[in-house]
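Now for the letters of each chain:
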Amino acid sequence: MEYFLIIISAIFVNNIVLAQFLGICPFLGVSNKLSTATGMSMAVCFVITLATLVTYLINKYLLVPFGITFLQTIAFILVIAALVQMVEIVLKKVSPSLYQALGIFLPLITTNCAVLGVAINVVTKEFSFVPGGMLNLGQALVYAFATSLGYGLAMVIFAGIREHLALMNVPKSFKGVPIAIISVGILALAFMGFSGVDNGLSKLFGL
């Protein structure tokens, strides 16, 4: 049941971009078309899950035992940057088709703060519906994957809205960035409707 609550919380209640405001730059910059938004979502999903696995293990078996957790942010940034580069090299040799499908989105993820935000949340954030409050490795991977799905869901919905807006007669003063930001605000308000769902379910099931 904890895994179900983690998924609901990560996708809807605490959406990484609409509730925590992480990854805003690529969210606004790569959501002009549904196709590019889908490609970016796939790349984010892949990298966030893999980066969370690596950073979780590094934190648990290196930073915590040696008492150097104050280096978490720097260590995670270096790991994520190196990981993205290695994944890009491996994919180019092993699966050229997947590499071409991800295209320019892999390098862009290096500067996506959502990846770092998820990695830090996994090792520092306490979850009321998880025994002990902290996530184990399995729960961390589920949280990372669900968070990336939430990011992708928000981006795809937003891309669909922007494509629709391009066909509408939007007032000149609102065209471009202004109407996009207004749309994001309305979308975030819609997701606020899920607020408290995770706590309600945890109480219902006695967690």
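Residues numbered from 1 in each chain as written. Predicted model: local features only at pLDDT ≥ 70, side-chain atom pairs only at ≥ 80, totals over all residues. Heavy atoms only, no water.

Asks: Help me out: how do you make sense of the overall build of the chain in this one?
Replies: Across its full length, the chain carries ten helices and zero strands. Against the globule reference of 17 Å for 207 residues, the chain gives a C-alpha radius of gyration of 18 Å, in line with a compact fold. Overall, the C-alpha framework of the chain stretches about 60 × 50 × 30 Å when taken along its three principal axes. Here the chain, with 207 residues, has 43% of them falling under the buried criterion. Accessible area of the chain: about 10600 Å², with a carbon and sulfur share of 72%. Charge-centre separation for the chain: the mean point of 9 positive side chains lies 13 Å from the mean point of 5 negative side chains. (Helix = DSSP H or I, 4+ residues; strand = E, 2+ residues; numbered from the N terminus. Rg over C-alpha atoms; globule rule 2.2 N^0.38 Å. Buried < 20%, exposed > 50% of the residue type's maximum accessible area, 1.4 Å probe, protein only. Areas by Shrake-Rupley, 256 points an atom, 1.4 Å probe, with all protein chains shown as cover. Lys, Arg positive; Asp, Glu negative; His and termini not counted. Charge placed at Lys NZ, Arg CZ, Asp CG, Glu CD.)

Asks: Would you mind going over the packing of aromatic side chains with me for this structure?
Replies: Given two aromatic rings, their pairing is described by the distance between the two centres and the angle made by the two planes. In the structure shown here, the tally under the stated rule is six aromatic pairs. Ring geometry for phenylalanine 12 and phenylalanine 191: centres 6.5 Å apart, planes at 25 degrees, overall stacked. Here phenylalanine 191 lies in helix α9 (residues 177-191) and phenylalanine 12 lies in helix α1 (residues 2-13), a separation of 179 residues in the sequence. Note on phenylalanine 12: relative accessible area 26%, which makes it partly exposed. Phenylalanine 191 sits in the buried class, given a relative accessible area of 9%. Site record: aromatic cluster; members linked through ring pairs are Phe12, Phe191 and Phe194. (Phe/Tyr/Trp six-rings, centres within 6.5 Å; stacked < 30°, edge-to-face > 60°.)

Asks: I'm lost on the packing of α1 against helix α8 (residues 137-166) in this one. Help?
Replies: A packed helix pair is summarised by two numbers, namely the angle formed by the two axes and the spacing between the axes. For the pair α1 and α8, the least separation of the axes is 7 Å and the interaxial angle reads 30 degrees. On the basis of their axis angle, the class for α1 and α8 is roughly parallel. The handedness of the crossing between α1 and α8 is right-handed. Within the contact between the two elements, α1 uses Glu2, Tyr3, Ile6, Ile7, Ala10, Ile11 and Phe12 and α8 uses Gly138, Gln139, Val142, Tyr143, Ala146, Thr147, Leu149, Gly150 and Leu153. Considered class by class, the residues forming the contact of α1 with α8 number eleven nonpolar, four polar and one charged. (Axes fitted to C-alpha atoms, helices over the stretch in contact; angles between N-to-C directions. Parallel < 35°, antiparallel > 145°, perpendicular 65-115°, else oblique. Left-handed = near helix turned anticlockwise from the far one by under 90°. Contact = heavy atoms within 4.5 Å. Nonpolar A, V, L, I, M, F, W, Y, C, P; charged D, E, K, R; others polar.)

Asks: Looking at this structure, how should I read the nonpolar core?
Replies: Most often, soluble globular proteins have nonpolar side chains that are buried together. If you look at the biggest cluster of nonpolar residues, it comprises 51 residues, and the most contacted ones within it are Leu18, Phe27, Tyr143 and Tyr151. For tyrosine 143, the contacting residues outside a window of four places in its chain are Ile6, Ala10, Gln20, Val118, Asn121, Val122, Lys125, Phe127 and Leu135. (Core = buried A, V, L, I, M, F, W, Y, C linked by side-chain atoms within 4.5 Å.)

Asks: Sorry, what's going on with the packing of helix α3 (residues 34-63) against α8 here?
Replies: It is at 9 Å that the axes of α3 and α8 come closest, and there the two elements cross at 165 degrees. Comparing the axis directions of α3 and α8 gives the class roughly antiparallel. Relative to α8, the crossing made by α3 is right-handed.

Asks: Is there a simple way to explain the confidence of the model for the chain in this structure?
Replies: In low-pLDDT regions, the fine details of the predicted coordinates are not to be read closely. On average, the chain scores 85 in pLDDT, and the residues at 70 or more come to 92%. When the elements of the chain are averaged for pLDDT, helix α10 (residues 197-204) gives the smallest value, 68, and α8 the largest, 93. (pLDDT = per-residue confidence, 0-100.)

Asks: What's the story with the layout of surface pockets in this structure? I'm lost.
Replies: In this approach the atoms are scanned with a rolling probe the size of a water molecule, which exposes any empty space left behind. Considered as a void within the structure, the largest pocket measures approximately 170 Å³ in volume. Asn32, Arg162, Glu163, Leu165, Ala166, Val170, Lys175, Gly176, Ile179 and Ala180 are the residues that line the largest pocket. Looking at the lining of the largest pocket, the elements that each hand over two or more residues are α8 and α9. Looking at the lining of the largest pocket, the element that brings in the most residues is α8, giving four residues. Its residues placed into classes, the lining of the largest pocket shows five nonpolar, two polar and three charged. (1 Å grid on protein atoms, 1.4 Å probe; cavity = no way out; pocket = protein on both sides within 12 Å on 5 of 7 lines; lining within 4 Å. Points joined across faces, edges and corners; volume = space filled by probe spheres on them.)

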